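# Survey of secondary and tertiary structure
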Amino acid sequence: MKKVDIDWENLGFTYIKTDLRYLSYWKNGAWDAGVMTEDNQVHISEGSTALHYGQTAFEGLKAYRCKDDSINLFRADENAKRLQDSCRRLLMPEVPTDVFIKACVDVVKANEHFIPPYGTGGTLYLRPYIVGVGNNIGVNPAPEYLFSVFCMPVGAYFKGGLTPTNFVVSEYDRAAGHGTGAAKVGGNYAASLLPGEEAHQRQFSDCIYLDPITHTKIEEVGAANFFGITANNEFVTPLSPSILPSITKYSLLHLAEKRLGMIPVEGDVYINQLERFVEAGACGTAAVISPIAGIQYGEDFHVFYSETEVGPVTRKLYDELCGIQFGDKEAPEGWIIKI
Ligand SMILES: Cc1ncc(COP(=O)(O)O)c(C=O)c1O
């Protein structure tokens, strides 16, 4: 295997160009065969709907280096389905699940030397995306589309890994009540840049968004879902049509019930009832599990388990999830593609 000069132990969540990416075009009603290319630049028409009207959707998933040197790709079929949902919402052509998975597997194989070694905590992050391209000017679906998958080695998304950090409730909405919050589309993230920046300026890890209709319930923690643990052994996550259905969150709901004997609950999480929870965290592919130390809501600062220590249930969930992803624990059927 080729060698690359990367400090695996100190990876952040930053762009690194790797060797090859997958690239495919949709024209005249069909996807072409797709190619692997070294080119990391996108050459598109100035009229592309992606540039003006936000006709873009993307995904994020990871490949993990296991102890025996094999590679695990985690729940890629779920990412394929979610991308199809996002495409339907933005009137873009869907990429079939088998094409999506093959593109991901090919990109992992072609960039195998960029997968951080087992034990460093690093992973190979894959970024599939679809954008509307081709000559256009009106607010219409694009005449052509581009689907690509690229990848890079990453470390922790929120600085600190399993060290708890603080979050602040935003006064902005991330998505509209009946808008695109459940789709992984570019516009949601453009809208989140200013609230995120304001949270960072106030020394918070990120902001927490409330539901856009009543502003009383927690929806998202930056680009991650929220979970709380109650003293009654419940694993609670918000349920709402404007939340992105996190694959990590659904994996944790399953593991909490089947492996930790907890009660999985999807329901309302009122911002004025945080004392319900003995522990809380953010979860997502990039965030993995990031314990929440405290939440600032107006003048009030609510601390969950501890401002410095991760709680015992959050740690168990983290160990279970990462154990499966890195191949140290048995995975539920269908969760892992071995490469
Ligand atoms: C807004 C938002 N919520 C939640 C998540 C977590 O989703 P997943 O666990 O599928 O990565 C992400 C990341 O994909 C996200 O961007």
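Predicted, not measured: the structure shown is a model, and the values here were computed from it.

### Considering the site of the ligand
If you check the shell around the ligand, you find Gly60, Glu220, Ala223, Ala224, Asn225, Leu244, Ser246, Ile247, Thr248, Lys249, Gly284 and Thr285 and nothing else. Of all elements in the fold, only strand S12 (224-230) and helix H5 (247-258) reach the threshold of two or more residues within the shell around the ligand. Among the elements that line the shell around the ligand, the one with the most residues is H5, at three residues. When grouped by side-chain class, the residues that make up the shell around the ligand number four nonpolar, six polar and two charged.

### Quick word on the nonpolar core
Counting residues in each nonpolar core, the largest one holds 42 residues, and the members touching the most others are Ala57, Cys104, Val107, Leu126, Ile130 and Tyr145. If you list the elements that add at least two residues to this core, you get strand S1 (21-27), strand S5 (61-65), strand S6 (71-74), helix H2 (76-89), helix H3 (97-110), strand S7 (123-133) and strand S8 (144-154). Sequence-distant contacts of Leu126, defined by excluding residues within four places in its chain, comprise Leu61, Lys62, Ala63, Cys104, Val107, Val149 and Cys151. Membership of the second largest hydrophobic core comes to 39 residues, among which are Tyr209, Leu252, Ala256 and Ile292.

### So, the domain arrangement of the protein chain
What the domain assignment lists for the protein chain is domain 1 (21-154) and domain 2 (165-326). Relative placement of domain 1 and domain 2: their C-alpha centres are 26 Å apart. Counting residues at the interface gives 21 residues for domain 1 and 13 residues for domain 2. At the level of elements, strand S4 (56-58), S5, S6 and H2 are the ones that each hand at least two residues to the side of domain 1 that touches domain 2. With six residues, the top contributor of residues to the side of domain 1 that touches domain 2 is H2. Along the lines of polarity and charge, the residues of the side of domain 1 that touches domain 2 split into eight nonpolar, six polar and seven charged.

Conventions we followed
Residues numbered from 1 in each chain as written. Predicted model: local features only at pLDDT ≥ 70, side-chain atom pairs only at ≥ 80, totals over all residues. Near = placed C-beta within 6 Å. Helix = DSSP H or I, 4+ residues; strand = E, 2+ residues; numbered from the N terminus. Nonpolar A, V, L, I, M, F, W, Y, C, P; charged D, E, K, R; others polar. Core = buried A, V, L, I, M, F, W, Y, C linked by C-beta atoms within 7 Å. Buried ≥ 20, exposed ≤ 12 C-beta atoms within 10 Å, placed from the backbone. Contact = placed C-beta atoms within 7 Å. Domains from an automatic or database assignment.

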